[in-house]
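Chains, contacts and geometry: an overview
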Amino acid sequence: STMLIALKSEFTRTCLRYGLCIGLAWFVGNLIKLLLVFQGEGVSIVRIVGPVQLVIALVCMALGIRSIRKQSANNALSFGRGLGAGMLITVFWGLSSTFLDLVYTIFFLKWNRVNSIIDLCLQRDALVRVGIPIDSQLSAGLDAAMHFVDIYLHPVSMGMLAILGTVFWGAFPALIFAVVL
């Protein structure tokens, strides 16, 4: 019930609206990059998408903070309220883009890279069972890769790291926009 009360405030709804816009734009940009890489397009096209995503995110964040300023009675914005708006926009951005990225990755990509590492480890185990010797460095490398795959490429870990990263990097423009706007 507290969450519903919070979502009823104009401040939170505005932050949610702009955060979701950024999250959706970020997801579309990631999808475009992924499709271009799979299609074998040049890296130069893929390199353009990232800065475009960033510009869209910064413009939407600035527009969101500006909209919060316009909602106040005297059209003024305190530093704390501007920073809070920027951070809340960033949180909604991180949650929405991470959710969309994870849904796409889990259901459509079928974890191709993870599966290829797992397949290599299964092949190694099959060779060892048959009696074919395996290089110890290769075996150690595959074990280390499996360890990192299990920890970092788990959907929950990826989601948490993406949200924390978004909030961390979103704090800088939120600080600047809180002062400037």
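Look up: the structure comes first, before these words.
Numbers given for residues are sequential positions, taken from 1 along each chain in its written order. Restriction of local features to residues with pLDDT of at least 70 applies here, the model being predicted, together with a cutoff of 80 or more for giving and counting side-chain atom pairs; totals for whole chains, interfaces and linings are based on all residues. As a rule here, side-chain values come from all non-hydrogen atoms in the structure, and water together with hydrogens is ignored.

**Quick notes on the overall build of the chain**
The way it works is that DSSP assigns letters per residue, a run of H or I at least four long becomes a helix, a run of E at least two long becomes a strand, and they are numbered from the N terminus. Looking only at helices and strands, the chain features seven helices and zero strands. In the chain, the order of α-helices and β-strands from amino to carboxyl end is α-α-α-α-α-α-α. Contact between two residues is taken to exist if any of their heavy atoms lie within 4.5 Å; hydrogens are not considered. When contacts within the chain are restricted to residue pairs at least 6 apart in sequence, those whose partners lie at least 24 apart make up 75%. Surface summary for the chain: the accessible area is close to 11,300 Å², and the carbon and sulfur share equals 72%. Residue-level accessible areas treat just the shown protein chains as cover; the underlying method is Shrake-Rupley with a 1.4 Å probe.

**Details of the packing of aromatic side chains**
Any two of the Phe, Tyr and Trp rings considered here, Trp counted by its six-membered ring, make a pair once their centres fall within 6.5 Å; the pair's planes then place it as stacked at under 30 degrees, edge-to-face at over 60, or tilted in between. Per the counting criterion, the structure on display carries four aromatic pairs. Residues Trp 169 and Phe 172 carry aromatic rings whose centres are separated by 5.6 Å and whose planes lie at 50 degrees to one another, so their mutual orientation is tilted. Of the two residues, Trp 169 and Phe 172 both sit in helix H7 (residues 155–180), three residues apart, roughly one turn of that helix. Take Trp 169: its relative accessible area is 59%, and that puts it in the exposed class. These aromatic residues form a ring-pair network of at least three members: Phe 168, Trp 169 and Phe 172. Think of it in three bands: residues with accessible area under 20% of the maximum for their type are buried, residues over 50% are exposed, and the middle band is partly exposed, with areas taken using a 1.4 Å probe on protein chains only.

**Digging into the state of the cysteines**
In what follows, a disulfide is any cysteine sulfur pair within 2.5 Å. The full count for this structure, using the stated rule, is zero disulfides. Distance from the sulfur of Cys 21, which forms no disulfide, to the nearest cysteine sulfur (Cys 60) is 5.7 Å. Of the residues examined, Cys 21 reaches a relative accessible area of 39% and is grouped as partly exposed. Taking the relative accessible area as the measure of exposure, Cys 60 reaches 15% and is therefore buried.

**Describing the side chain of Ser 97**
Locating Ser 97 in the fold gives a position in helix H4 (residues 79–109). Polar contacts, as used here, are pairs of N or O atoms within 3.5 Å; protein pairs need one atom able to donate a hydrogen and one able to accept it. Residues neighboring in sequence count only if both atoms are side-chain atoms. Of note is the side chain of Ser 97, whose polar atom sits 2.9 Å from the backbone oxygen of Trp 93. Leaving out residues up to four positions away in the same chain, Ser 97 has contacts with Gly 23 and Trp 26.

**With respect to the environment of Gly 159**
Mapped onto the secondary structure, Gly 159 falls in helix H7. Owing to a relative accessible area of 6%, Gly 159 belongs among the buried residues under this scheme. For the pair formed by Gly 159 and Thr 98, sequence separation is 61 residues and the distance between their alpha carbons is 5.8 Å. Dropping the residues within four chain positions of it, Gly 159 is found in contact with Thr 98 and Leu 102.

**Some thoughts on the nonpolar core**
What we call a nonpolar core is a set of buried Ala, Val, Leu, Ile, Met, Phe, Trp, Tyr and Cys residues that are connected through their side-chain atoms within 4.5 Å. Judged by nonpolar contacts, the single largest core of 17 residues is most densely connected at Cys 15, Ile 22, Met 61, Ile 65, Ile 68, Ala 85 and Ile 89. Taken together, the elements giving at least two residues each to this core come down to helix H2 (10–39), helix H3 (43–71), H4 and H7. For this core, the leading source of residues is H3, giving six residues. If sequence neighbours within four positions are ignored, Ile 65 has contacts with Leu 77, Gly 82, Ala 85, Gly 86, Ile 89, Phe 177 and Leu 181.

**Section: the side chain of Ser 67**
Mapped onto the elements, Ser 67 comes out in helix H3. With relative accessibility at 19%, the residue Ser 67 sits in the buried group. Discounting chain neighbours no more than four positions away, the residues touching Ser 67 are Thr 14 and Tyr 18.

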